[in-house]
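# Structural description and commentary
So you can see what is in the structure, the chains are spelled out below.
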Amino acid sequence: MMYNNEHFEPVITKFVNEPGCETIDFYLAKENGYKALEKALKMKPAEVVEEVKKSNLRGRGGAGFPTGMKWSFMPANPVDANGNPKPKYLVCNADEGEPGTFKDRLIFTKTPHKMIEGMIIGGHAIGSNKGFIYIRGEWFKESRLMQKAIDDAYAKGFLGKNILGSGFDFDLVVYMGAGAYICGEETALLNSLEGKRGEPRLKPPFPAQVGAYGMPSCVNNVETFAAVPYILHQGWEKYAKMGTERSGGTRLIGVSGHVNKPAVYELPMNLTINEIIEIAGGVKGGKLKGVIPGGASAPMLTAAECDVKTDYDSLAKAGTMAGSGGLIVMNDTVNIVEATYTLLKFYEHESCGQCSQCREGSHWLARMFHRILNGGGNQEDLDYIAKICGNMAGQTICAFADAVTGPALSSVRKFRSEFEELILKGGLKGIGKEESISHRAVGAHV
Amino acid sequence: MSNITEFDIKKPKVDLNYASDKKPVHSDPNPEAKPLPKVTIDGKTYDFKPGDTIMQVAERYKVHEEIPRYCYHPGMPIAGTCRMCTVEVEKAPKLMTSCSTPAADGMVVHTRSDKVMKSRTGVMEFLLTNHPLDCPVCDKAGECELQDYNYEYGPGTSNFKEEKRVFEHATTKKLSDKVTLNMNRCVHCERCVRFTDDVTKTNDLVMVNRGWHKELEATTEAGLTNEYQGCLTDFCPVGALTWNDFRFKKRSWFLNRKPSLCDGCSKGCNIEVHSDSEIVYRYVPIYNELVNGHWMCDAGRSSYTSYTNPLRVIAPLMKHNDALHSTSIQTLLTDLQVHLKNAASIQLVVGTDATREEAALLKEKVPTIIGKNIAVSYFNGTNGVQTSADDKKLDELLKMKDLTPNTKGVEEQGLSPLANGEVNADIAILFRNGRAGIPKMKADQKVVLWGIWSQDELKSFPSKNILGVIAGLATIEKEGSYKNADGIVQKFHPAITHKGGALSAHQVVGVWKTLN
């Protein structure tokens, strides 16, 4: 079969090009819709968790934590201080804000029922009767589509009381965020869900002990949930076989940038980055210069390093990460300093500002890159960028500071000559490009 | 609390987790039953109670001077955001915040390893990038944690060549009549926000915006409204929040710092009196777990002004030709003795702001010296409070209804409250220290005023009725003890030396005795 993988078949995107694929009727008629739920409800919760564990499904949000293991961390019968039972919550993280990542939106607009079914199965598996779908503030259309899909599922009896006569109740609530990248971090998401400032929480306690509204909660990505019905319906072996030894199934890769066919592709994980670029129609308008393999936070790879497989472990070995599956391709017309500055502006704007290093460091880095672009840089700055990144990475509550240092540090390390050229020639003007826009105009409120 | 009888007020001993809501999830229900677990910090092994954080253990055993911190405050929930208190824990991949990480049995911690010091230097450099470094004109200079920690951990130099962040509209912003904000100096520790959220529960303050332009603002247009705003300026680690009353009055390094008690209500908050050349500039609270925790109210903090009031009588006054003239204590007492010996009936009213020692002394000695049977009673004078039974808490924190410091201590002397708050004698000796009320008098009753009186208060008596005024010492000027509303007896010593002609009750009684 295609992609050098005899076991591969699309798990999520099989029907996304057909008209009406987002409706419940299409899902029931063509995609064996809610059959997996029927099967799961006849199983014991622990068996469902075991099935997901064996499938090697890993979280598709960025960190790649094994989903089955995350579900098994949920306490069986949590009680409060007075001995009364506490509710458990299942939360879907649909705060897809990573630059270069747009896979979850495809699921929301084309096959929302797959995710809903996955959530109901997840609710059954962890013993939760309530699920929240946290949607990023900018997704007006997507949240309406999701609400419509949920209403349809209620009408058909897949949500609500006594689902399919099993005695299991499950409710789903759509919650819109207010527009913050950091709310994609699970504890910041929980704070935002509670109506607080979207700032990551100090861990421990982890969400499995103290989550949404102080109750045990489990947060999973949209794509993770969307893969669950397939695992239950087709069996874990089939799903696990598609992937690598330590990570089962397929991945949605959003290819963007200088390729001829930018889109979301569902691919097996044994492909190299070069092969994926080939599938996406090849590099457009020049030669390949470098890629960002897993959304903006992943360290860059040069063209020479693109012969690496895209599973979690191979990318980690290459010094970068699979992240959220956004592959940004850059050809040789791109100025890396300018491209990195664009990302740093984003991070400067999106740091929640709790931890000293991240708040001040993201700001400092962005301004430093801006100065270099405008001809004010010197050689010492390049060493200092590494020093700033060293003081930021791994020192904060969440991984945001590490995300900032990903592009900043890798760009200086791998494309140092471009920085030096800018410094020697006096910025973008010196190499015949337009001067970068004023720093003050960049989303700053002061 | 009842078994605690007496203790001296001390400098703060930091015992943590005072109001923290982030206790570890699984705390040991019965820690005493087993041998205590042990943690190794900087090469030495210490016992700890399950649930203690690394910082608590280090603090208790004084492992080093201090683990530096900005966001952490023992009276508030743990935030763990400033990242200044990180320590190296063996086998942990990253540095851990000592304020939030519970100590575990067998854990090996290094609080000053190279990795830790490098991280702290990094944090200091980041915090200083956008700090204006306007120490010469900053009121916090000298008692600023940013200065102190920079001296110890800071990088010394910085490569920051960018423009600094400036909050133009919040460089001198009044958050209320009492507190001024300079946002440029803020290091975003958010102690202030957590204080209004979790301690006063008034939710006065909030951070708006995000990241580097995150800014502190009052939640309502009224600004700060809570009664404990002064505390914000105490624990603000930098000069972002400053106390208007103290702002630009004195450099902090000129201040003498002596412990004393606030006598503004029956709580008896422990304070530090900050003075220079015996002039008081401010009160700040000091930690006492049993009494006031870390805090004190704004009314108490501002009460130092009553002792520096220019109208306070600070010399003995004697009546001569229906007017009061300053004189020596001997002359005054000789004159008073004549009046008192001739009086048909005398009543001694002790205000509940007298110290325990003063109350005992007056009750015992004054009748003997005058040589007559004298009715002795006490008077509180706070609206609605006659005895300590009428006292109650006004809020969840510290404020009490009884505005005198020693009602319980005076009651202890076996005195009875002044019936109906009225004096029933020809001559009344009113002893009070400016906090207790003034009893009702009849038009022709003569009075001898003793203690702390202001000229305004003298005017409440017909001038022909005042036989004399014996000027006394204030709480911060004298020695003694108060018994607070919870029955805790607290001793105090002079924090400043009185420079006027006022005398302590013991000195007055001593002189009086020699005149007989």
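Residues numbered from 1 in each chain as written. Chains lettered and ligands numbered in written order. Predicted model: local features only at pLDDT ≥ 70, side-chain atom pairs only at ≥ 80, totals over all residues. Heavy atoms only, no water.

## A short note on the overall build of chain A
This is how the line gets drawn: Helix numbering and strand numbering both begin at the N terminus, where a helix is a DSSP run of H or I of at least 4 residues and a strand a DSSP run of E of at least 2. Only C-alpha atoms enter the radius of gyration; for comparison, a globular chain is expected to reach 2.2 Å times N to the power 0.38, where N is the number of residues. Throughout, a contact is declared for two residues whenever any of their heavy atoms are within 4.5 Å. In this description, accessible areas are obtained by the Shrake-Rupley approach with a 1.4 Å probe, and a residue is regarded as covered only by the protein chains that are shown. Only four residue types enter the charge count: Lys and Arg as positive, Asp and Glu as negative, with His and the chain ends excluded. Think of each charge as sitting on NZ of Lys, CZ of Arg, CG of Asp or CD of Glu.
Counting its regular elements, chain A contains 17 helices and nine strands. The C-alpha radius of gyration of chain A comes to 22 Å, within 12% of the 22 Å expected for a compact globule of 446 residues. Across its three principal axes, chain A shows a C-alpha extent of roughly 75 × 55 × 35 Å. Long-range contacts, defined as pairs at least 24 residues apart, comprise 70% of the intrachain contacts of chain A with a sequence gap of at least 6. Element-wise, carbon and sulfur atoms account for 52% of the exposed surface of chain A, whose accessible area totals about 16700 Å². One finds the centroid of the 50 positive side-chain charges in chain A at a distance of 1 Å from the centroid of its 50 negative side-chain charges.

## Overview of helix H6 (residues 112-126) of chain A
Rules: Residue count minus one, scaled by 1.5 Å, sets the expected span of a helix. Relative accessibility under 20% of the residue-type maximum defines a buried residue, over 50% an exposed one, and the middle range a partly exposed one, all with a 1.4 Å probe and only protein chains included.
Between the first and last C-alpha of H6(A) there are 21 Å, a value that for 15 residues agrees with the 21 Å anticipated at 1.5 Å per step. The buried count for H6(A) comes to 15 of 15 residues, which makes it a mostly enclosed element.

## A look at the pattern of salt bridges
Two side chains of opposite charge can pair, provided their charged atoms sit close to one another. Spelled out, the test is: Salt bridges are defined by distance alone: a side-chain nitrogen of Lys or Arg within 4 Å of a carboxyl oxygen of Asp or Glu.
A complete count under the given rule lists 55 salt bridges over all chains for this structure. The shortest N-O distance in the salt bridge between Glu199(A) and Lys214(B) comes to 3.0 Å. Here Glu199(A) is found in the loop between helix H8 (186-193) and strand S4 (217-221), whereas its partner Lys214(B) is found in the loop between strand S9 (205-208) and strand S10 (215-218) on a different chain. Judged by its relative accessible area of 10%, Glu199(A) is buried. With relative accessibility at 0%, the residue Lys214(B) sits in the buried group. Between Arg69(B) and Glu59(B) there is a salt bridge; the shortest N-O distance is 2.9 Å. Here Arg69(B), found in the loop between helix H1 (54-60) and strand S4 (86-89), pairs with Glu59(B), found in helix H1; they are ten residues apart in sequence, far enough to count as distant.

## Considering the nonpolar core
Keep this limit in mind: To qualify as a nonpolar core, a set must consist of buried Ala, Val, Leu, Ile, Met, Phe, Trp, Tyr and Cys residues joined through side-chain atoms within 4.5 Å.
Core analysis: the biggest nonpolar cluster contains 61 residues, and Tyr70(B), Leu146(B), Phe195(B), Leu216(B), Leu241(B), Tyr283(B) and Trp295(B) have the highest contact counts within it. By size, the runner-up hydrophobic cluster in this structure holds 58 residues, among which are Ala188(A), Met368(A), Phe415(A) and Phe160(B).

## Observations regarding the confidence of the model for chain A
Put simply, the rule reads: As a per-residue measure, pLDDT reflects the predictor's confidence and takes values from 0 up to 100.
Counting all residues, the mean pLDDT for chain A is 91, and 96% of those residues have values of 70 or more. For residues 440-446 of chain A, every residue scores under 50 in pLDDT, and the model assigns this stretch 15 contacts once sequence neighbours within four places are set aside.

## A short note on the packing of helix H13 (residues 336-350) of chain A against helix H14 (residues 356-373) of chain A
All names here are of chain A. For clarity, the threshold we go by: Working convention: axes come from line fits to C-alpha atoms, limited for helices to the stretch in contact. Angles between N-to-C directions cover 0 to 180 degrees. Under this scheme an angle from 65 to 115 degrees is roughly perpendicular, one under 35 degrees roughly parallel, and one over 145 degrees roughly antiparallel; angles in between are oblique. Crossings are classed by handedness, with left-handed meaning an anticlockwise turn of the near helix from the far one by less than a right angle and right-handed meaning a clockwise turn.
At a closest axis distance of 9 Å, the pairing of H13 and H14 adopts a crossing angle of 150°. Judged on the interaxial angle alone, H14 and H13 are roughly antiparallel. The way H13 lies across H14 gives a crossing that is left-handed. Contacts from Val337, Glu338, Thr340, Tyr341, Leu344, Lys345, Tyr347 and Glu348 of H13 reach H14 at Ser362, His363, Leu365, Ala366, Arg367, Phe369, His370, Ile372 and Leu373.

## A closer look at the interface of chain A and chain B
Definition in use: Accessible area that two parts lose when put together, evaluated with a 1.4 Å probe and summed over both, is termed the buried area. For the purposes of these results, a polar contact is taken to be a pair of N or O atoms within 3.5 Å, where, inside protein, one atom must be able to donate a hydrogen and its partner to accept one; residues adjacent in sequence count only when each atom of the pair is a side-chain atom. Think of it as three bins: nonpolar holds Ala, Val, Leu, Ile, Met, Phe, Trp, Tyr, Cys and Pro, charged holds Asp, Glu, Lys and Arg, and polar takes everything else, Gly as well.
Taken together, the 41 residues of chain A in the interface contact 39 residues of chain B. A combined buried area of about 3600 Å² lies between chain A and chain B, and 51% of that area is made up of carbon and sulfur atoms. Our count for the chain A to chain B interface comes out at six salt bridges. A salt bridge links Lys161(B) to Asp381(A); the shortest N-O distance between them is 3.4 Å. Counting across the interface, chain A meets chain B through 21 residue pairs in polar contact (both at pLDDT 80 or more). Of all the secondary structure elements, the ones that give two or more residues to the side of chain A that touches chain B are H13, H14 and helix H15 (379-392) of chain A. Broken down by element, the side of chain A that touches chain B gets its largest block of residues, ten residues, from H14(A). Partitioning the side of chain A that touches chain B into residue classes produces 13 nonpolar, 16 polar and twelve charged.

## Considering the packing of aromatic side chains
The geometry of an aromatic ring pair is captured by two quantities: the separation of the ring centres and the angle between the planes. Applicable threshold: Stacked, tilted and edge-to-face pairs are distinguished by plane angle, under 30 degrees for stacked and over 60 for edge-to-face with tilted covering the rest, among Phe, Tyr and Trp rings (Trp via its six-membered ring) whose centres lie within 6.5 Å. Remark: a charge is flagged as sitting over a ring if the NZ atom of Lys or the CZ atom of Arg is within 6 Å of the ring centre and within 35 degrees of the ring normal.
In total, this model carries 32 aromatic pairs over all chains according to the counting rule given. Pairing Phe65(A) with Phe73(A) gives two aromatic rings, centres 6.1 Å apart and planes at 45°, and the pair type is tilted. Over the ring of Tyr312(A) we find Arg58(A); its NZ or CZ atom is 4.5 Å from the centre of that ring. Geometry around Trp212(B) places Arg367(A) over its ring, the cationic atom sitting 5.3 Å from the centre.

## Regarding the packing of helix H2 (residues 35-42) of chain A against H6(A)
All names here are of chain A. Axis separation between H2 and H6 bottoms out at 9 Å; the angle between their running directions is 5°. As far as their axial angle goes, H6 and H2 are roughly parallel. Here H2 contributes Lys35, Ala36, Leu37, Ala40 and Leu41 to the contact with H6, which in turn contributes Glu117, Ile120, Ile121 and His124. Partitioning the contact of H2 with H6 into residue classes produces six nonpolar, one polar and two charged.

## Some points on the domain arrangement of chain B
All names here are of chain B. Using the following cut-off: Note that domain bounds follow an automatic or database assignment of domains.
With domains assigned, chain B is organised as domain 1 (165-254) and domain 2 (317-515). Computed over C-alpha atoms only, the centres of domain 1 and domain 2 are separated by 41 Å. On the side of domain 2, five residues touch domain 1, which itself brings five residues to the contact. Buried surface at the junction of domain 1 and domain 2, summed over both partners, amounts to about 390 Å²; 62% is from carbon and sulfur atoms. Three residues stand out in domain 1 for area buried against domain 2, namely Val199, Glu227 and Tyr228, and they jointly supply 86% of the buried area on that side. Counting across the interface, domain 1 meets domain 2 through two salt bridges. We note a salt bridge from glutamate 227 to lysine 399, for which the minimum N-O separation is 3.8 Å.

## Some words on the domain arrangement of chain A
All names here are of chain A. In terms of domains, chain A is made up of domain 1 (2-242), domain 2 (250-331) and domain 3 (336-441). Using only C-alpha atoms to locate each centre, domain 2 and domain 3 end up separated by 22 Å. Across the contact, eleven residues belong to domain 2 and 13 residues belong to domain 3. A combined buried area of about 970 Å² lies between domain 2 and domain 3, and 69% of that area is made up of carbon and sulfur atoms. Our enumeration of links across domain 2 and domain 3 arrives at two salt bridges. Applying the counting criterion to the domain 2 and domain 3 interface returns five residue pairs in polar contact (both at pLDDT 80 or more). Of all elements in the fold, only strand S7 (288-292) and strand S8 (301-302) reach the threshold of two or more residues within the side of domain 2 that touches domain 3. Sorting elements by how many residues they give to the side of domain 2 that touches domain 3 places S7 first, with three residues. Residues that form the side of domain 2 that touches domain 3 fall into these classes: six nonpolar, three polar and two charged.

## Focus: unusual backbone geometry
Among all residues except glycine, the phi angle is most often negative; among peptide bonds, the trans geometry is most common. The omega torsion across Lys203(A) and Pro204(A) is -5°, close enough to zero to call that bond cis. With omega at 0°, the peptide bond leading from Pro204(A) into Pro205(A) counts as cis. In this fold, Pro205(A) is placed in the loop between H8 and S4. If you check the backbone angles, Ser277(B) has positive phi at about 50° while not being a glycine. Looking at where Ser277(B) falls in the secondary structure, it is placed in the loop between strand S13 (270-276) and strand S14 (279-285). Ser277(B) gets classed as exposed once you look at its relative accessible area, which sits at 56%. Phi at Asn321(B) takes a positive value of approximately 55°, unusual for a residue other than glycine.

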